[in-house]
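Coordinate analysis (summary)
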Amino acid sequence: MTNRGWGGGASEGLPPQPRCVRHPDRPTALACNRCGRPACPDCLREAAVGYQCVDCVAAGQRDIRPVRGVAGNTVTQARPVPVVTYTLMGLNVLAFLATLVQSRSIMNNQVDSSIFANWALNPALVAGGEWFRLIGSGFLHFGILHLAVNMYALYILGRDTEIVMGRSRYISIYLVSLVGGSASVMAFQPVFASVTSLSWTAGASGAIFGIMGAQAVLLLRLRRSPVPIISVIAINVIISISLPGISFWGHAGGLVAGAAAAAAFLYVPQWLGAGQDRLKAVRIGWIAFGAVTVVTIGIIVMRVVQLREQGLFLTSS
């Protein structure tokens, strides 16, 4: 006769010793407080009252509604690892190391680097069909100090933003901020730095400014004071204007795009009456984010058309 957990073998005498329902070979005097079935110590978990078997614990966890973040993302009890932030930092470092190997210079890694020559942003080259520069330029840096400052800022700002917003929304905001910085450079930065040389833009600063803008919007949504992050933004804007060789337009474009993308996720669903309907709020948020992305790309396309009409388009080949 098959043992179902409520009896031992014929040789065990009377009354029969209960057996663990998951391990029939283990006699036990313990039982689950929820279902009452006998269970061995390995199959019991401490509960608010007594102990429950692993099956009841799993069933209870399925009945618990997941905790949602302010952006609609699922929040876990354990602090998640900011994988996206660390991955972005790794990609930036890898790109720098590649240019370092080519140039053999840690401070002037843009010299004699084919990666830098093919990825750095210039409006005329994008108008000539080299669209990859819009994104590739966001992973290049002029020297080790430029890289170190940007990666430190990404490490400080990116981790918390990723955890609160969720990975998918965070990487979306980062990328649209990067493209927003490129769009601003396309629209406002001159093609030529001087009579004989082109203007070049590179760095993750536009995307990082976008994360700053997203944090400011996020703090407002959480009803927290945004003064600290706004102060950081103001200081960096002043530095961008005051010091030569820094792309103010790249920073400004990233800031605006990042703030707009965060507002799309955090504010637009409520403005359009999503209320407590999470699925509707998520859907509206992504649609609004898509609108921000379309406007950003539209600015680039219009500028490319304008440059081509003016004959200001080049190719690196």
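Scoring rules and cut-offs
- Residues numbered from 1 in each chain as written.
- Predicted model: local features only at pLDDT ≥ 70, side-chain atom pairs only at ≥ 80, totals over all residues.
- Heavy atoms only, no water.
- Helix = DSSP H or I, 4+ residues; strand = E, 2+ residues; numbered from the N terminus.
- Contact = heavy atoms within 4.5 Å.
- Disulfide = S-S within 2.5 Å.
- Expected span 1.5 Å × (residues − 1).
- Buried < 20%, exposed > 50% of the residue type's maximum accessible area, 1.4 Å probe, protein only.
- Arc of directions from axis to C-beta.

Glancing now at the side chain of E130. Among the secondary structure elements, E130 is positioned in the loop between α4 (123-127) and α5 (133-136). When residues no more than four places from it in sequence are discounted, the contact partners of E130 are L125, T315 and S316.

This brings us to the state of the cysteines. Applying the stated criterion across every chain yields a total of 0 disulfides. Here C53 stays free of any disulfide, with the sulfur of C56 as its closest cysteine sulfur at 3.5 Å.

Once that is clear, we can look at the environment of Q17. Relative to the assigned elements, Q17 resides in the segment before β1 (44-46). The spacing of Q17 and P27 is 10 residues in sequence and 6.1 Å in space, taken between C-alpha atoms.

What follows concerns helix α2 (residues 83-103). Here α2 contains 21 residues, and its C-alpha end-to-end distance of 30 Å stays within 8% of the 30 Å for a straight helix at 1.5 Å per residue. Where α2 is concerned, the buried positions are V84, T85, L88, M89, N92, A95, F96, T99 and S103. Viewed end-on, α2 has its buried residues packed into an arc of 140 degrees, placing them on one side of the element. Counted as exposed and oriented over 90 degrees from the buried face of α2: L94 and V101. In this structure, the buried side of α2 is in contact with α3 (114-119), α6 (143-165) and α7 (167-188).

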